[in-house]
Amino acid sequence: MRLVDDRRPGFQAELAQLWPHTGSSQVIGITGNPGSGKSSLVDLLTTRYRALGRRVGVLAVDPSSPFSGGAILGDRIRMQHHSADPGVFIRSLATRGALGGLTASTADTIIVMEALGLDPIIVETVGVGQDEVDIARVAHCTVVVTVPGLGDEIQNLKAGILEIADLFVVNKADREGADQVASELQQMQRLGVAEREIPVLLTSTRTGAGLDQLVEALEQHRRDLLEGDGWHHRELLRAGRHLRTLAVEAFLQTHGLAREDAGPRALLEAVVARRVDPWAAAQTILRPQEVLP
Ligand SMILES: Nc1nc2c(ncn2[C@@H]2O[C@H](COP(=O)(O)OP(=O)(O)O)[C@@H](O)[C@H]2O)c(=O)[nH]1
Ligand SMILES: [Mg+2]
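1. Some words on the pairing of strand E6 (residues 167-170)
Burial of E6 is two-sided: the residues Leu167 and Val169 facing one way and the residues Phe168 and Val170 facing the other way are all buried. Sheet topology note: the strand E5 (residues 141-146)/E6 ladder contains 4 bridges and is parallel. Each bridged residue has a counterpart across the sheet, and for Thr146 the counterpart in E6 is Val170. When E6 meets strand E7 (residues 200-202), the two strands line up parallel, connected through 3 bridges. The residue of E7 that forms the bridge with Phe168 is Val200.

Right under this line is the structure:
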């Protein structure tokens with residue numbers, strides 16, 4: 001696992017060995033605004049899946065703050081009571097993708113978890129930016145968490161969220177206004193020309209309300225996908241995204257562009273001095289045999 005985390009030499013060969021033994025675990029993505037209760041939900045979901053005898057993988061994608069780095073302390077403490085449980089495997093990953101969004105190592109770590117027989121594998125995203133859309137290309141089921149009391153709740157749901165949501169969860173249902181948010185989510189779907197109905201569930205991690213229903217909805221979603229060609233379709237999307245991130249990662253690495261501020265120095269100097277335009281510079285990287293003007 002460490003080998004993959006740190007992308008040490010040889011990790012690809014290790015993963016390649018595991019690959020034939022993967023492909024049946026359900027990957028659940030949990031996204032939504034910071035503070036909406038994603039980590040609390042993951043915690044309670046883990047407890048419920050354990051009660052069903054399932055071995056669970058939890059992957060928390062942390063914001064890679066240059067200041068704090070690493071994992072969020074609160075989440076660490078929260079998941080601590082699972083850490084003594086050999087049936088629960090917890091991993092934190094930084095979002096260190098050069099292009100934003102989830103890194104290739106997210107998918108790689110999931111593969112290791114699958115090979116360990118963990119099912120489901122729950123991925124909690126930071127809930128901001130590109131990784132929110134990205135998660136739908138990583139998960140078989142994407143859960144979008146929202147809460148009452150944000151003001152124009154539904155308007156606040158970012159564009160594109162309807163396309164990625166497989167389940168809506170209105171968490172903090174112990175608070176006022178949760179029913180309102182839920183019915184707005186349902187109404188919004190009626191207005192749109194939804195090709196499928198996205199279930200809306202109310203949960204409270206304070207009282208535990210709705211958690212059994214959430215597990216059942218997740219199980220139902222898996223059954224639905226497996227019944228038709230949905231599972232296969234998701235697998236194709238997932239493979240496409242994984243290949244893309246791997247290819248981009250390798251390309252950036254090869255051309256010294258992996259770091260945000262990096263690039264071939266002479267080329268950068270030429271761009272900054274306006275001797276070369278960025279479009280031509282990009283072409284130069286793609287076709288290094290062409291000489292700089
Ligand atoms: N009232 C209430 N508070 C909650 C609920 N779920 C989470 N919280 C609180 O909301 C805060 C953020 O929760 P957290 O799980 O860290 O959210 P995340 O940032 O989305 O992972 C914490 O203080 C939780 O105790 C809930 O169902 N009801
Ligand atoms: Mg969290």
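2. Observations concerning the site of ligand 1
In the neighbourhood of ligand 1, 17 residues make up the surrounding shell, with Gly35, Lys38, Ser40, Asp174 and Thr205 lying closest. Within the contact set of ligand 1, an oxygen atom lies 2.6 Å away from a side-chain nitrogen or oxygen of Ser40. Between ligand 1 and Thr205 there is a distance of 2.6 Å, counted from a nitrogen atom to a side-chain nitrogen or oxygen. Coverage of ligand 1 by the protein chains reaches 78% of its 590 Å² of free accessible surface. It is helix H3 (residues 38-51) that contributes the most residues to the shell around ligand 1, 3 residues altogether. A per-class count over the shell around ligand 1 returns 1 nonpolar, 9 polar and 7 charged.

3. Section: the coordination of the magnesium ion (ligand 2)
Geometry reference: four tetrahedral donors at a metal, ideal angle 109.5 degrees. Six octahedral donors, ideal angles 90 or 180 degrees. Protein ligation of the magnesium ion (ligand 2) involves Ser39 (OG) and Glu124 (OE), the donor distances falling in the range 2.1 Å. Of this pair, Ser39 sits in helix H3 while Glu124 sits in strand E4 (residues 121-124), placing them 85 residues apart in sequence. One exposure class covers both Ser39 and Glu124, and it is buried.

4. A closer look at unusual backbone geometry
A cis amide bond links Asp119 with the next residue in sequence, Pro120, at an omega value of 5°. Assignment of secondary structure puts Pro120 in the loop between helix H6 (104-115) and E4. Backbone geometry places Lys172, a non-glycine residue, at a positive phi of 60°. Locating Lys172 in the fold gives a position in the loop between E6 and helix H10 (178-191). With phi around 65°, Arg274 is a residue other than glycine that occupies positive phi space.

5. Structural notes on the nonpolar core
Among the nonpolar cores identified, the biggest contains 22 residues, and Leu45, Leu214 and Leu218 are the most heavily contacted of them. Those elements that place two or more of their residues in this core are strand E1 (27-32), H3, strand E2 (56-62), E5, E6 and helix H11 (211-227). The residues contacting Leu218, other than those within four sequence positions of it, are Gln26, Ile28, Leu45, Tyr49, Cys141, Val143 and Leu167. Counting residues in each nonpolar core, the second largest holds 14 residues, with Ala136, Ala165, Phe168 and Leu185 among its members.

6. Quick notes on H11
A turn of α-helix holds 3.6 residues, and therefore any two residues three or four places apart point the same way. Compared with an ideal rise of 1.5 Å per residue, which puts 17 residues at 24 Å, H11 spans 24 Å between its outermost C-alpha atoms and is within 8% of the ideal. Considered for burial, the residues of H11 that qualify are Leu211, Leu214, Val215, Ala217, Leu218, Glu219, His221, Arg222 and Leu225. As for H11, its buried residues are in contact with E1, H3, E5, E6, E7 and helix H12 (230-254).

Each value, and the rule that gives it
- Residues numbered from 1 in each chain as written.
- Chains lettered and ligands numbered in written order.
- Predicted model: local features only at pLDDT ≥ 70, side-chain atom pairs only at ≥ 80, totals over all residues.
- Heavy atoms only, no water.
- Buried < 20%, exposed > 50% of the residue type's maximum accessible area, 1.4 Å probe, protein only.
- Helix = DSSP H or I, 4+ residues; strand = E, 2+ residues; numbered from the N terminus.
- Pairing = 2+ DSSP bridges.
- Near = heavy atom within 4 Å.
- Polar contact = N/O pair within 3.5 Å; in protein donor to acceptor, adjacent residues only side chain to side chain.
- Areas by Shrake-Rupley, 256 points an atom, 1.4 Å probe, with all protein chains shown as cover.
- Nonpolar A, V, L, I, M, F, W, Y, C, P; charged D, E, K, R; others polar.
- Donors = N, O, S within 2.8 Å, 3.2 Å for Na, K, Ca; no water.
- Core = buried A, V, L, I, M, F, W, Y, C linked by side-chain atoms within 4.5 Å.
- Contact = heavy atoms within 4.5 Å.
- Expected span 1.5 Å × (residues − 1).

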